[in-house]
Amino acid sequence: GGTVARDSDRRAHPHPQIEFTITQIGTVASSFTDLASPSAMREADSRIVLDRDFVDGLTGIEMHDRLTVLFYLHEARGGDLVAERRHGSARGLFASRSPHSPTPIGVTTVELLERDGCRLYVAGLDAIDGTPVLDIKPYAATFDGPVGPCRTRPSRSAVSSLAAPAAAPPRTVE
């Protein structure tokens, strides 16, 4: 039998944690064996080697110049929810590009240089050698790019004023 969640549990955790299995479809082959700066890694060429069971899924991939690659950051470790980040001051985990996430999944758009059987030669992949590849999709600006222009956001000072209550006006005594 299953466990029934109480109403108080649902309010505290409206989305229960689930565990699931993801199938690794391939592996990254890169000259980077240790973590390096993402910009340095993206400047190097690398390969994605698909497992033979999935090679038919590459049919027609040569028609695309760019691919979106999802991969498992297998060497990332959990991190603080708020910490000093590489660029700038302290920020929340989800307001940064930190790999140290509760669900360490990386996503990068790469240039497809060549396909040779089960091997994809790519430029711009910021993953180390041995990284498990979870999925590959052709990049399509229609789906992957932003939808229209950004709506105007309030200035930082306006946001700050929303967070902190305004000081009460000075009282005058007559």
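Structure: see above.
### What to know about the sheet that holds strand β7 (residues 119–123)
Consideration 1: Strand order in this closed barrel of six strands is β1-β2-β7-β6-β3-β8, and the pairing throughout is antiparallel. Strand-to-strand twist in this sheet, taken as the mean axis angle between neighbours without regard to direction, amounts to 45 degrees.
Consideration 2: As paired strands, strand β3 (residues 66–72) and strand β8 (residues 132–138) are joined by five bridges and run antiparallel to one another. Bridge pairing in β8 links Thr68 to Lys137.

### Let's talk about the pattern of salt bridges
Consideration 1: A complete count under the given rule lists two salt bridges for this structure.
Consideration 2: Across the pair Glu62 and Arg115 runs a salt bridge whose closest N-O atoms are separated by 3.3 Å. Of the two residues, Glu62 sits in the loop between β2 (45–50) and β3 while Arg115 sits in strand β6 (residues 105–116), which places them 53 residues apart along the sequence.
Consideration 3: On the basis of relative accessibility, which here comes to 46%, the residue Glu62 falls in the partly exposed class.
Consideration 4: Between Asp135 and Lys137 there is a salt bridge; the shortest N-O distance is 3.4 Å.
Consideration 5: A relative accessible area of 43% means that Lys137 is categorised as partly exposed.

### Observations concerning the side chain of Thr68
Consideration 1: Along the polypeptide, Thr68 turns up in strand β3.
Consideration 2: Residue Thr68 is classed as buried on the basis of its relative accessible area, which comes to 11%.
Consideration 3: Ignoring any residue separated from it by four or fewer positions in sequence, one finds Thr68 in contact with Val107, Thr108, Thr109, Asp135, Ile136, Lys137, Pro138, Tyr139 and Asp144.

### Considering the layout of surface pockets
Consideration 1: Taken as a whole, the second largest pocket holds about 370 Å³ of empty space.
Consideration 2: Gln17, Ile18, Glu19, Phe20, Thr21, Ile22, Tyr72, Pro102, Thr103, Pro104, Ile105 and Leu134 together form the lining of the second largest pocket.
Consideration 3: Residue composition of the lining of the second largest pocket, grouped by class: eight nonpolar, three polar and one charged.

The rules behind the values
Residues numbered from 1 in each chain as written. Predicted model: local features only at pLDDT ≥ 70, side-chain atom pairs only at ≥ 80, totals over all residues. Heavy atoms only, no water. Pairing = 2+ DSSP bridges. Helix = DSSP H or I, 4+ residues; strand = E, 2+ residues; numbered from the N terminus. Axes fitted to C-alpha atoms, helices over the stretch in contact; angles between N-to-C directions. Salt bridge = Lys/Arg side-chain N within 4 Å of Asp/Glu carboxyl O. Buried < 20%, exposed > 50% of the residue type's maximum accessible area, 1.4 Å probe, protein only. Contact = heavy atoms within 4.5 Å. 1 Å grid on protein atoms, 1.4 Å probe; cavity = no way out; pocket = protein on both sides within 12 Å on 5 of 7 lines; lining within 4 Å. Points joined across faces, edges and corners; volume = space filled by probe spheres on them. Nonpolar A, V, L, I, M, F, W, Y, C, P; charged D, E, K, R; others polar.

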